[in-house]
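Listed here are the chains, written in short residue letters.
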Amino acid sequence: MGKSSSLLEDLIEKAGGCAVIDGGFATQLEIHGASINDPLWSALCLIKDPDLIKTVHTEYLEAGADILVTSSYQATIPGFLSKGLSIEEGELLLERSVTLAVEARDRFWDVVKRVPVHGYNRALIAASIGSYGAYLADGSEYSGCYGPDVNLDKLKDFHQRRLQVLVRSCPDLLAFEAIPNKLEAQPKTDEKNGSLTRLFWSECACVELLEEENVQIPSWICFSSVDGENAPSGESFKECLDVINKSKKVNAVGINCAPPHFIESLIWKFKELTEKAIVVYPNSGEVWDGRAKRWLPSQCFGDDKFELYATRWRDSGAKLIGGCCRTTPSTIQAISKVLKEMS
């Protein structure tokens with residue numbers, strides 16, 4: 001492991017063996033009154049209300065988060081271009097997502113570190129990189145069905161510039177979130193005999209880019225799941241992790257924005273498939289209808305259940321635990337409290 005990867009390992013150790021990730025960002029923006037029913041979703045506030053982004057980051061720090069995830073999940077160059085912004089303006093907004101989190105972290109830490117006994121860790125900043133489906137804003141991040149025209153090269157082209165901009169913004173970590181599939185094979189023509197052959201790639205788009213760009217920042221890749229067994233595309237997690245396990249650029253793998261009642265069994269599954277650190281940050285259990293743009297009533301975890309299950313997820317082997325959509329600072333406070341008591 002290099003010096004950069006030890007940054008994440010050191011935080012996990014300081015946190016007593018399991019660090020706390022923040023919770024639902026868009027959820028908290030909406031609680032404050034932000035109107036983000038837009039293809040950019042929470043990234044809309046990078047344009048309209050950056051101060052509110054810092055406020056939400058601070059609320060999660062106060063709740064005990066050891067890692068802040070930036071507001072860039074649905075922030076993409078094509079998305080900003082669709083709003084009439086230039087490429088340069090879009091890149092500045094991506095950089096802003098990291099800057100706002102760093103400023104919130106530094107201001108909070110400057111106050112906290114003066115207190116002799118406080119129980120906080122200096123938080124790390126994870127730059128969020130959402131899936132291609134998140135950019136499409138049509139719910140395909142929960143299905144992995146991007147259509148026949150989307151191949152590995154197109155996905156790499158989509159992610160490359162955003163990754164470059166976020167890396168140069170110097171976050172502590174990179175968080176590839178809610179990845180729904182593994183593009184494993186595409187038909188190509190054999191140049192020698194002209195026959196149509198199926199060539200298998202050994203790495204998915206995210207992993208290939210980390211390798212090609214020689215990224216030195218620790219990263220995690222999280223998948224979503226709609227059945228508690230496989231990636232949304234139907235591919236097995238073994239297929240997905242076989243790709244990731246070959247890369248030293250990925251330090252942790254796991255699940256985010258899946259129902260919390262799936263998490264414990266998925267941790268056990270991942271433990272059998274990888275030696276990398278396992279990260280989990282589920283949603284509340286509510287189901288998002290990507291086409292209707294609304295949450296559907298469903299089995300839901302409250303803060304008390306998150307507190308109870310966080311200990312089980314830690315005992316099962318998770319090293320990073322937090323919340324995703326529809327969780328709030330009170331959820332993270334409950335998780336942080338019980339995990340710090342255990343440590």
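Summarised in this report is the structure supplied together with it. (Residues numbered from 1 in each chain as written. Predicted model: local features only at pLDDT ≥ 70, side-chain atom pairs only at ≥ 80, totals over all residues. Heavy atoms only, no water.)

### Overview of the overall build of the protein
Logical step 1: Across its full length, the protein carries 13 helices and twelve strands.
Logical step 2: Relative to its length of 343 residues, the protein is compact, with a C-alpha radius of gyration of 19 Å against a globular reference of 20 Å.
Logical step 3: Every one of the 343 residues in the protein was classed for burial, and the buried ones make up 56%.
Logical step 4: Relative to all contacts within the protein whose residues are 6 or more apart in sequence, the contacts with residues 24 or more apart total 75%.
Logical step 5: With the model as given, the accessible surface of the protein reaches about 14,800 Å², and the carbon-plus-sulfur share is 49%.
Logical step 6: Of the side chains in the protein, 37 bear a positive and 48 a negative charge, and the two mean positions are spaced by 2 Å. (Helix = DSSP H or I, 4+ residues; strand = E, 2+ residues; numbered from the N terminus. Rg over C-alpha atoms; globule rule 2.2 N^0.38 Å. Buried < 20%, exposed > 50% of the residue type's maximum accessible area, 1.4 Å probe, protein only. Contact = heavy atoms within 4.5 Å. Areas by Shrake-Rupley, 256 points an atom, 1.4 Å probe, with all protein chains shown as cover. Lys, Arg positive; Asp, Glu negative; His and termini not counted. Charge placed at Lys NZ, Arg CZ, Asp CG, Glu CD.)

### A short note on the side chain of glutamate 91
Logical step 1: Along the chain, glutamate 91 falls in helix H6 (residues 87-112).
Logical step 2: Among residues more than four places away in sequence, those in contact with glutamate 91 are Ile77, Arg161, Val165 and Arg168.

### Overview of the pattern of salt bridges
Logical step 1: Going through the model one piece at a time under the given rule, you end up with 17 salt bridges.
Logical step 2: Residue arginine 122 is joined to aspartate 106 by a salt bridge in which the shortest nitrogen-to-oxygen separation is 3.5 Å. Note that arginine 122 is positioned in the loop between H6 and strand S3 (124-130) and aspartate 106 in helix H6, a separation of 16 residues in sequence.
Logical step 3: Judged by its relative accessible area of 39%, arginine 122 is partly exposed. (Salt bridge = Lys/Arg side-chain N within 4 Å of Asp/Glu carboxyl O.)

### A closer look at the packing of helix H12 (residues 303-316) against helix H13 (residues 329-342)
Logical step 1: As a packed pair, H12 and H13 sit with axes 8 Å apart at the nearest point and diverge in direction by 40°. With respect to each other, H12 and H13 are oriented oblique. Of the two elements, H12 crosses H13, and the hand of that crossing is right-handed. Seen from H12, the contacting residues are Asp303, Phe306, Glu307, Ala310, Thr311, Arg314 and Asp315; seen from H13, they are Ser330, Thr331, Ala334, Ile335, Val338, Leu339 and Met342.
Logical step 2: Among the residues forming the contact of H12 with H13, the class breakdown is seven nonpolar, three polar and four charged. (Axes fitted to C-alpha atoms, helices over the stretch in contact; angles between N-to-C directions. Parallel < 35°, antiparallel > 145°, perpendicular 65-115°, else oblique. Left-handed = near helix turned anticlockwise from the far one by under 90°. Nonpolar A, V, L, I, M, F, W, Y, C, P; charged D, E, K, R; others polar.)

### Focus: the packing of helix H8 (residues 152-168) against helix H9 (residues 205-212)
Logical step 1: Orientation of H8 relative to H9, taken along the N-to-C sense of each, is 50°, at an axis distance of 9 Å. Judged by the angle between their axes, H8 and H9 are oblique. The hand of the H8/H9 crossing is right-handed. Between H8 and H9, the residues in contact are Leu152, Leu155, Lys156, His159, Gln160 and Leu163 and Ala205, Glu208, Leu209, Leu210 and Glu212, respectively.
Logical step 2: Of the residues contributing to the contact of H8 with H9, the split by class is six nonpolar, two polar and three charged.

### Digging into the side chain of threonine 76
Logical step 1: You can see threonine 76 is positioned in the loop between strand S2 (67-69) and helix H5 (77-81).
Logical step 2: Of note is the side chain of threonine 76, whose polar atom sits 2.9 Å from the backbone nitrogen of glycine 79. (Polar contact = N/O pair within 3.5 Å; in protein donor to acceptor, adjacent residues only side chain to side chain.)

### A few points about the environment of phenylalanine 158
Logical step 1: Tracing the sequence through the fold places phenylalanine 158 in helix H8.
Logical step 2: Residue phenylalanine 158 is classed as buried on the basis of its relative accessible area, which comes to 11%.
Logical step 3: Remark: the alpha-carbon pair of phenylalanine 158 and tyrosine 132, spanning 26 residues in sequence, is separated by 7.5 Å.
Logical step 4: Apart from the residues within four sequence positions on either side, phenylalanine 158 is in contact with Thr76, Pro78, Ser131, Tyr132 and Tyr135.

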